[in-house]
Amino acid sequence: MPETSSNLLTVRNLKIEATSYPPGEPPKRITIVDGVSFDLQKGRVLGLIGESGAGKSTIGLSALAYGRGGAEITGGEVILNGTNILALGKGGIRKVRGARVCYVAQSAAAAFNPAHRLGDQVIEASVKHGLMTKEEARKRALYLFRVLGLPNPETFGDRFPHQVSGGQLQRAMTAMALCPNPELIVFDEPTTALDVTTQIDVLAAIKHAIEETDTAALYITHDLAVVAQISDDIMVLRHGRTVEYGSVKQIIEAPTQDYTRALVNVRQTARQEASDQSKPLLKVDNVSAQYSNGFKVLHGVSLHLCKGQTLAIVGESGSGKSTLARVVTGLLPPSEGRITFDGKPLTPALKNRPREDLRRIQLIYQMADTAMNPRQTVRDIIGRPLAFYDGLRGAAKTARVKELLDQIEMGNGFIDRYPAELSGGQKQRVAIARALAARPELILCDEPTSALDPLVAEGILKLLMKLQEEQQLSYVFITHDIAIVRAIADSVAVMHRGRLVRFGPKSQALSPPFDDYTDLLLKSVPEMEIGWLERVLNTRRMESAGN
Amino acid sequence: MRLRDISITAWIGMIGIALALICAVFAPLIAPYGETEVVGGVWQEADAQFFFGLDNLGRDILSRLIYGARTTLFVALAATVISFSLGILLSFIAAVSGGVIDTVFSRFNDLMMSIPTLIFALVVLAVLPQHLVVLILVMAILDSTRVYRLGRAVALDVAVMEFVEAARLRGEGTTWIIFREILPNTLSPLLAEFGLRFAFSILFLSTLSFLGLGIQPPTADWGGMVKENKDGIIFGISAALVPGSAIAALAVCVNLVVDWLLKRTSSLKGGRGDA
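Nothing here was measured: the structure is a model prediction, and the numbers come from that model.

(A) Expanded view of the overall build of chain A. Scanning chain A for helices and strands turns up 22 helices and 20 strands. For 547 residues, the compact-globule estimate of 2.2 N^0.38 gives 24 Å, and chain A sits close to it at 25 Å. Reported as C-alpha extents along the three principal axes, the dimensions of chain A are approximately 70 × 65 × 45 Å. Across the 547 residues that make up chain A, the buried fraction comes to 44%. Put simply, 69% of the contacts in chain A that link residues at least 6 apart link residues at least 24 apart.

This is how it looks when you write it as structure tokens:
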């Protein structure tokens, strides 16, 4: 970091606190951010990275002197171009927000008002602040739509938020932030909710726009590979404190702290694929499925999975990968084709399926929060399948619940907790225990790690693999993360728009020659390497020039 | 639960309800005079002997108020409990089953609701024999249409959650899903509605009595007492206001307790917090 006097943003010893209200206890003060300092110069990008709860968003919002959800900035200074914005009154801070410092939220879909046209929302702040007239603002918006590579920039502003895709919406939000010519933009996980193939476009657009407009930016994310592409400096945060702060090159190539090293080296586990893939446990044969309104979501999918192995299904959202899992469970009976499990055909519809078949196939959801009844304790959640399938009662049931808690590496002390008293990773472990309680042979995992922080996700994956070793479980693992596929799969199925585009043992499926879609998918996964984005974009440009 | 966790407003509500209950249970012991006993002149002023004065036939208002608590509380409570059981059961079955069952139940409910409640009640009660059970059932069934609406809306919200899907995948029956998965997660709005509905059914009973189709004289009930003494208001006699205030006070007390219950259940860990 060059130490210059022309710092655009200087944050010194920032301290942010909030009051928490734990049920049944007196309220207590908790420190969210403690002693964080950094500098940011014009035209540079600082990446803030950390797990959820690390305080990265809270720090980002402090650049707007804003505390979300009762958080209060109780100490330190935030100096924007020589003024301490924390000392400004309400009127003063209004002139800063949305004019000099702008914010890009994670979920653009939730941040836009669905009742107004995009163009009006993009220019609103600039016009309201009196920075430009409506005409000038429209011109600027048009220019930004072009820079951000949005389709039909002339008419893009006339559309409503629901008429454009998620990636376009995220770019429109970037345009909204760039419109008033701000000195600083805070990006709060702008690509986290997007598919990898979309993420790369948005990343490229954001990077291009930042360079073009010479704005400084704070870029908040939990994905080190993403931040390596876009920022100049990186600050690694944990529990509200700075772990490491340095240039991208130093953090990625020579991290000094153990925690940073763990983040950089995450997902280095790799599984040797099973050599014998000839005796299938689950066989999906030419299965098509449609919703009751006639919309066809699966087109003739055929694949199989052997006992004790893992089949990874990859694809972007809307590719039909979760639908396939729903078809296997019987929630959505197939319209054509058949599914064979352990040599016998599976009854298509859930309600006709024998209880024994239900027991043998279990499902783990992406969001453990909604997959568990918030009014049941861990004991009830894990105990119910035991009572339901095996008729266990009383002490025998409790003993088995404790045994299962051991298997998922959680102590007996968790037995009377409610889901809300568990962390995200613990919740997912309890969900795994609930599946294990049924003594299943096949577990369908629907993106069980995608809502979790990388290190926690790694723990879950390791647990799943350990259980597979011990109990000869078979997994259908649905994911959009190629790194996970590389780490745990024996065979891979790539899906796109309801069709199977590729299926085979991992070594074959993930090596060339590729079909177009698999190629695009593999190339879109950010790699933890500086300059990866430019390289991919250059290749693309050359390819399109060659065509 | 510790006693000091109960808020002051909840205490006030509970004391009010307890008072009404004690009156109802021990009416013959507490009441200074008989329910139908004429003890003095028509609309005699309140004095040391007759705390609230006498009514249109010269009966002691305080005594009738105490006896009236019996019928009023019992009928209103029974009607509300039955209407809730019925409404929740049917609405949850509709929400969980969906399809034809949902359509049939919901359209029938719409049909019931399209007829003004009071007129419906008047017609039905005029035709059916005058009996307390009939009165309670008619009130309960008419009220259950409102409960059904709310129940179906909140249950639909929960029925699409993944933990309900997980229960279905496990092979659980409808009964388990309704009572173990959905009901605990919909308790907050339903409890709030219970308080409101209870107050409404006291009022509804009073209305019916006022119109002559509820509790039949000379049995005392609060709504009927308002009716009997309403003419006195013209002459500046406040006899009708006493049972009226009792109705208002009881409604307020019930709602204070329900508000507190609501807060308690929704602040349960991970509950659908809305209070």
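(B) A look at the overall build of chain B. Each helix and strand in chain B was counted, giving 10 helices and 0 strands. Shown N-terminal to C-terminal, the secondary structure of chain B runs as helices and strands in the order α-α-α-α-α-α-α-α-α-α. For chain B, the C-alpha atoms occupy an extent of roughly 75 × 50 × 30 Å along the three principal directions. For chain B, buried positions account for 42% of its 275 residues. Across chain B, every contact between residues at least 6 apart in sequence was considered, and the portion connecting residues at least 24 apart equals 66%.

(C) Seen up close, the interface of chain B and chain A. With 16 residues of chain B at the contact, the number on the chain A side is 21 residues. When residues of the side of chain B that touches chain A are traced back to their parent elements, those giving at least two are α7 (162–170) and α8 (174–211) of chain B. Considering each element in turn, the side of chain B that touches chain A owes the most residues, 7 residues, to α7(B). Looking at the side of chain B that touches chain A, its residues break down into 5 nonpolar, 5 polar and 6 charged.

(D) Fine view of the UniProt feature "transmembrane region" (unreviewed entry) in chain B. Under the present numbering, the feature "transmembrane region" (unreviewed entry) in UniProt falls on residues 6–27, 73–98, 118–142, 194–213 and 233–262 of chain B. Its end C-alpha atoms 36 Å apart, residues 73–98 of chain B is made of 96% helix and 0% strand.

(E) The arrangement of the UniProt feature "domain: ABC transmembrane type-1" (unreviewed entry) in chain B in detail. Per the UniProt record, "domain: ABC transmembrane type-1" (unreviewed entry) is found at residues 69–258 of chain B. Secondary structure across residues 69–258 of chain B divides into 85% helix and 0% strand, with the first and last C-alpha atoms of the span separated by 20 Å.

(F) Broad picture of helix α12 (residues 321–329) of chain A. Among the 9 residues in α12(A), 9 count as buried, and that is most of the element. Within the sequence span of α12(A), burial applies to Lys321(A), Ser322(A), Thr323(A), Leu324(A), Ala325(A), Arg326(A), Val327(A), Val328(A) and Thr329(A).

(G) Up close: the sheet that holds strand β7 (residues 184–188) of chain A. All names here are of chain A. Spatially, 6 strands are ordered β6-β7-β8-β3-β9-β10 in an open sheet, and the strand pairing comes out mixed. The strands lining the two open edges of the sheet, one partner per strand, are β6 (101–104) and β10 (241–247). Adjacent strand axes in the sheet meet at a mean angle of 15 degrees, parallel and antiparallel pairs treated alike. Direction of pairing for strand β3 (residues 45–49) relative to strand β8 (residues 216–221): parallel, over a ladder of 5 bridges. Residue pairing for β8: Gly47 is matched across the bridge by Tyr219.

(H) Region of interest: the pairing of strand β17 (residues 442–446) of chain A. Residue and element names in this part refer to chain A. The buried fraction of β17 is high, at 5 of 5 residues. Burial along β17 is two-sided: Leu442, Leu444 and Asp446 facing one way and Ile443 and Cys445 facing the other are all buried. As paired elements, strand β16 (residues 361–364) and β17 share 4 bridges and run parallel to each other. Paired with Leu363 across the two strands is Leu444, which belongs to β17. Examined bridge by bridge, β17 and strand β18 (residues 474–479) share 5 bridges and lie parallel to one another. Across the sheet, residue Ile443 finds its bridge partner in β18, namely Tyr475.

(I) Quick peek at the packing of α8(B) against helix α9 (residues 222–234) of chain B. All names here are of chain B. For the pair α8 and α9, interaxial distance at closest approach is 7 Å and the crossing angle is 40 degrees. Relative to α9, the element α8 lies oblique. The chirality of how α8 crosses α9 is right-handed. Note on element contacts: α9 touches α8 through Trp222, Gly223, Gly224, Val226 and Lys227, opposite Leu205, Ser206, Thr207, Ser209 and Phe210. Looking at side-chain class alone, the contact of α8 with α9 contains 4 nonpolar, 5 polar and 1 charged residues.

(J) Quick peek at the environment of Asn229(B). Residues and elements named next belong to chain B. Note on placement: Asn229 falls in helix α9. For Asn229 and Pro243, which are 14 residues apart along the polypeptide, the C-alpha to C-alpha distance reads 9.6 Å. Look past the residues within four positions of Asn229 in its chain and what remains in contact with it is Asp55, Asn56, Ala239 and Ala240.

(K) Examining the domain arrangement of chain A more closely. Residues and elements named next belong to chain A. In terms of domains, chain A is made up of domain 1 (8–264) and domain 2 (280–377 + 438–511). With centres defined by C-alpha atoms, the gap from domain 1 to domain 2 works out at 36 Å. Each partner contributes residues to the interface: domain 1 has 8 residues there, and domain 2 has 6 residues. For the side of domain 1 that touches domain 2, the secondary-structure elements that each account for two or more residues are α8 (196–213) and α11 (258–264). Classifying every residue of the side of domain 1 that touches domain 2 gives 3 nonpolar, 3 polar and 2 charged.

(L) The arrangement of the sheet that holds strand β15 (residues 344–345) of chain A in detail. All names here are of chain A. Spatially, 4 strands are ordered β12-β11-β14-β15 in an open sheet, and the strand pairing comes out antiparallel. Because the sheet does not close on itself, it has two edges, and the strands there are β12 (296–306) and β15. Where strand β14 (residues 336–341) meets β15, 2 bridges bridge the pair, whose relative direction is antiparallel. When the bridges of β15 are listed, Thr340 appears paired with Pro345.

(M) Inspection of the packing of helix α4 (residues 99–114) of chain B against helix α6 (residues 132–159) of chain B at higher detail. Residue and element names in this part refer to chain B. Running from N to C, α4 and α6 point in directions that differ by 140 degrees, and their axes come no closer than 9 Å. Relative to α6, the element α4 is oriented oblique. For the element pair α4 and α6, the recorded crossing hand is left-handed. In this structure, α4 contributes Ser106, Asn109, Met112 and Met113 to the contact, and α6 contributes Thr145, Tyr148, Arg149 and Arg152.

(N) Representation of the environment of Ser37(A) within the structure. Residue and element names in this part refer to chain A. Turning to its location among the elements, Ser37 is positioned in strand β2 (residues 28–41). A sequence separation of 24 residues divides Ser37 from Asn13, and the C-alpha atoms of the two residues are 5.2 Å apart. Apart from the residues within four sequence positions on either side, Ser37 is in contact with Val11, Arg12 and Asn13.

(O) Highlighting the environment of Pro243(B). With respect to the secondary-structure elements, Pro243(B) resides in helix α10 (residues 241–266). Not counting chain neighbours up to four residues away, the residues in contact with Pro243(B) comprise Leu65(B), Gly68(B), Trp222(B), Met225(B) and Val226(B).

(P) Spotlight on the confidence of the model for chain B. All names here are of chain B. Taken over all residues, the pLDDT of chain B has a mean of 85, while the share at 70 or more is 94%. For chain B, α10 is the element with the lowest average pLDDT, namely 83, and α4 is the one with the highest, namely 93. Low pLDDT, under 50, characterises residues 268–275; the predicted model gives this stretch 24 contacts beyond four residues in sequence or across chains. Here the predicted complex scores 0.78 on pTM and 0.75 on ipTM.

(Q) Looking closely at unusual backbone geometry. Residue and element names in this part refer to chain A. The omega angle of the peptide bond from Pro512 to Pro513 is 0 degrees, so this bond is cis rather than trans. Inspection of the secondary structure puts Pro513 in the loop between α20 (506–509) and α21 (516–524). Non-glycine residue Asn13 carries a positive phi angle of around 45 degrees. Turning to its location among the elements, Asn13 is positioned in strand β1 (residues 7–20).

Conventions we followed
- Residues numbered from 1 in each chain as written.
- Chains lettered and ligands numbered in written order.
- Predicted model: local features only at pLDDT ≥ 70, side-chain atom pairs only at ≥ 80, totals over all residues.
- Helix = DSSP H or I, 4+ residues; strand = E, 2+ residues; numbered from the N terminus.
- Rg over C-alpha atoms; globule rule 2.2 N^0.38 Å.
- Buried ≥ 20, exposed ≤ 12 C-beta atoms within 10 Å, placed from the backbone.
- Contact = placed C-beta atoms within 7 Å.
- Nonpolar A, V, L, I, M, F, W, Y, C, P; charged D, E, K, R; others polar.
- UniProt positions renumbered as here; feature names shortened; annotations may be inferred.
- Pairing = 2+ DSSP bridges.
- Axes fitted to C-alpha atoms, helices over the stretch in contact; angles between N-to-C directions.
- Parallel < 35°, antiparallel > 145°, perpendicular 65-115°, else oblique.
- Left-handed = near helix turned anticlockwise from the far one by under 90°.
- Domains from an automatic or database assignment.
- pLDDT = per-residue confidence, 0-100.

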